[in-house]
Amino acid sequence: MKNISIIILAAGNGTRMKSPKSKVLHTLSGRSMIAHVVEKSLQISDDITVVLGYQFDEVSSEINREFNNINIVAQDTINFPGTAGAVMAAKPKFDKTLIICADMPLVATSELISLTQSNSDITIAAFESKDPFGYGRVVKNGDQVIKIVEQKDANEDEKAINLCNAGAYCFDTALLNSVLPQINNQNASNEYYLTDAIELALKAGKSVSSVLVNEQNFMGINDKLALSKAENIMQEQIKANLMKNGVIIRLPQTVFIDIRAKFEGECEIESGCVIKGDCLIKNSIIKSSSVIEYSTVIDSDIGPMAHLRPKSHIVSTHIGNFVELKNANLNSVKAGHLSYLGDCQIDSGTNVGCGTITCNYDGKNKHKTIIGKNVFIGSDTQLIAPLNIADDTLIAAGSSVTHDSHKGDLIIARAKQNNKSGFFYKFFGKKDEK
Ligand code: UD1
Ligand code: MG
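The following refers to the structure shown. Quantities reported herein were computed from a predicted structural model and do not represent experimental measurements. (Residues numbered from 1 in each chain as written. Chains lettered and ligands numbered in written order. Predicted model: local features only at pLDDT ≥ 70, side-chain atom pairs only at ≥ 80, totals over all residues. Heavy atoms only, no water.)

## Section: the overall build of the chain
Put simply, the rule reads: Put simply, DSSP H or I for four residues or longer makes a helix, DSSP E for two residues or longer makes a strand, and each gets a number counted from the N terminus. For this measure, only C-alpha atoms enter the radius of gyration; the expected value for a globule follows 2.2 Å times N^0.38, where N is the number of residues. Only protein chains enter the accessibility calculation, which uses a 1.4 Å probe; a residue whose area is less than 20% of its type maximum is buried, one above 50% is exposed, and one in between is partly exposed.
Helix and strand counts for the chain come out as nine helices and 34 strands. Against the 2.2 N^0.38 benchmark of 22 Å for 434 residues, the chain shows a C-alpha radius of gyration of 30 Å, more extended than a compact globule. If you line up the chain on its principal axes, its C-alpha atoms span 105 × 55 × 45 Å. Counting the 434 residues in the chain, one finds 48% classified as buried.

The following block contains the structure:
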């Protein structure tokens, strides 16, 4: 469907969010609210305009980072605050214009499409809610929509209405352009409300209808409580979809999975895990309470309680408890316990002993550790980067390694043990034996 223009309203201050960050930059399942809404809009239209105001630079760079060909315009928020003021900034090019708010990331494209299929001059999306507080109420006379009254402007009878404005509208574009200049700011917020277009259209003899949509899909996120509710719903959808497609998730309500994460083959995610960013997990098991960020895990087992920080690439590898990786490339390696492996490359058959640390940071710069095949790293080894450990190197436990090795070397880099006979008794004196 490419003959519909879409305007996404994203200029508001988001005051109720109580945040220094624009409301639409807050994330759900790892992706910003604005990116979720633009992504869905792209399934319907190739003429998408996002109207920005508050934090214009930050929000526009987020959009440009994720998408091409999105029109970004600025609302005159000083002279024309409010949702109608936002629409004034856009120039839709097709005969029909779908207007949606940026704070509804759960929106279903099928329902937006159904709005565009109505024959009325204006079609609004509405839902019945048991708890309509905060939403604009849709006042109807029979099937005819008469007006939308905002919570702040509603009288007691109007507040009792359960039919809510979902915040998505399909307009005949010519009608939209003709009513916009007539909207005023005579209301409790002194804002130019887009919803006032309805009464003006009716006065001009135009038709206005409503389409019932799912309340959950059109939930407007105005504060952090709503953000967490919406994220919960989205998480359930993401995990249900993964499980239907063959991923085992133990106690899924305790697991967070980023919308960008991909799973292939048979994967198992145990309870309490967090998978952040565009990870790829393939034929692997992630044991409980592990965190994986922006990494690839193939044919491996991770955790419990392991932390893979960004840019880790793990193939056929065992990562055990309390092991932290960052920018680490491991192929057929065993790192079973309590290690930090950062800015490193470790090759096949290598065993990383408990307590191994790649000392990658000298206080100014990060340095790389390269470890070859079949290396045996004894426990409690510090590898002081930059360092190159050749294939078949044996590193004695407790070593502080500062120099590269040659193939087949034994490295022992620790103070020599010195036993002083009887020193204990000289120091503490002899205890009476009972
Ligand atoms: C709005 C609707 C309300 C509806 C609800 C659905 C209006 C006047 N009210 O209320 O009827 O029930 O959404 O969730 O439309 N925005 C701008 N410029 C502005 C003000 C807002 O672009 O000057 C944008 C915001 O960034 C936001 C959207 O418009 O994405 C809606 O604004 P918001 O403040 O969330 O309106 P609600 O009070 O939720
Ligand atoms: Mg809102």
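## Comments concerning the packing of aromatic side chains
The test is simple: For Phe, Tyr and Trp, rings pair up if their centres lie within 6.5 Å, where Trp contributes its six-membered ring, and each pair is then called stacked (planes under 30 degrees apart), edge-to-face (over 60) or tilted (otherwise). Look at NZ for Lys and CZ for Arg. If either is within 6 Å of the ring centre and within 35 degrees of the ring normal, a charge sits over the ring.
Within this structure, the stated rule accounts for seven aromatic pairs. Note on F423 and F427: the rings are 5.8 Å apart at their centroids and 20° apart in plane angle, and the pair reads as stacked. Here F427 and F423 lie together in helix α9 (residues 423–428), a separation of four residues that amounts to about one turn. Looking at F427, the relative accessible area reads 60%, which means it is exposed. With a centroid separation of 5.0 Å and 85° between ring planes, the pair formed by F427 and F428 is classed as edge-to-face. Grouped by ring-pair contacts, the aromatic residues F423, F424, Y425, F427 and F428 constitute a single cluster. One residue, K430, lies across the ring of Y425, its end atom 5.2 Å from the ring centre.

## Considering the nonpolar core
Rules: We define the nonpolar core as a collection of buried residues of types Ala, Val, Leu, Ile, Met, Phe, Trp, Tyr and Cys that are connected through side-chain atoms lying within 4.5 Å of one another. These domain boundaries are the output of an automatic or database domain assignment. Note on contacts: a residue pair is in contact if any heavy atoms of the two residues lie within 4.5 Å.
Residues I8, I34, V50, F218, F263, I319 and L330 are the most contacted members of the largest nonpolar core, which totals 88 residues. Ranked by the residues each element gives to this core, the list is headed by helix α8 (residues 224–244), at seven residues. When residues are assigned to domains, this core turns out to be shared by domain 1 (4–212) and domain 2 (224–411), each giving three or more. The contact partners of I34, leaving out residues within four places of it in the chain, are I8, A10, V24, L25, V50, V59, E62, I63 and A102. Counting residues in hydrophobic clusters, the runner-up holds 30 residues, among them A84, L163, F171 and V208.

## Observations regarding the pairing of strand β24 (residues 318–331)
Cut-off, in case you're wondering: For two strands to be treated as a pair, DSSP must find no fewer than two bridges joining them.
Bridge count between strand β21 (residues 301–302) and β24: two bridges; the pairing is parallel. From the neighbouring strand, I302 faces β24, where its bridge partner is I319. Relative to β24, strand β23 (residues 313–315) is paired through three bridges, and the arrangement is parallel. Considered in β24, the bridge of H313 is made with N329. Sheet topology places β24 next to strand β25 (residues 333–346); ten bridges connect them, and they run parallel. Looking across to β25, one finds that N329 is bridged to Q345.

## Here's the deal with the site of ligand 1
Put simply, the rule reads: It suffices for a single heavy atom of a residue to lie within 4 Å of a molecule or strand for the residue to be listed as near it. N or O atoms closer than or at 3.5 Å make up a polar contact, with two conditions inside protein: a donor-capable atom paired with an acceptor-capable one, and, for residues adjacent in sequence, both atoms drawn from side chains. Computed with a 1.4 Å probe, the accessible areas rest on the Shrake-Rupley method; for each residue, only the protein chains presented here act as cover. Each residue gets one label: Ala, Val, Leu, Ile, Met, Phe, Trp, Tyr, Cys and Pro are nonpolar, Asp, Glu, Lys and Arg are charged, and the others, such as Gly, are polar.
Around ligand 1 sit 23 residues, and of these L9, Q75, G82, E150 and N165 come closest. Between T83 and ligand 1, the recorded distance is 3.1 Å, taken from a side-chain N or O atom to an oxygen atom. Here ligand 1 loses 90% of its free accessible area of 750 Å² to cover by the protein chains. Of all elements in the fold, only β1 (4–10), α3 (83–88) and β10 (163–172) reach the threshold of two or more residues within the shell around ligand 1. Its residues placed into classes, the shell around ligand 1 shows eleven nonpolar, eight polar and four charged.

Read these as spatial facts, not as claims about activity.
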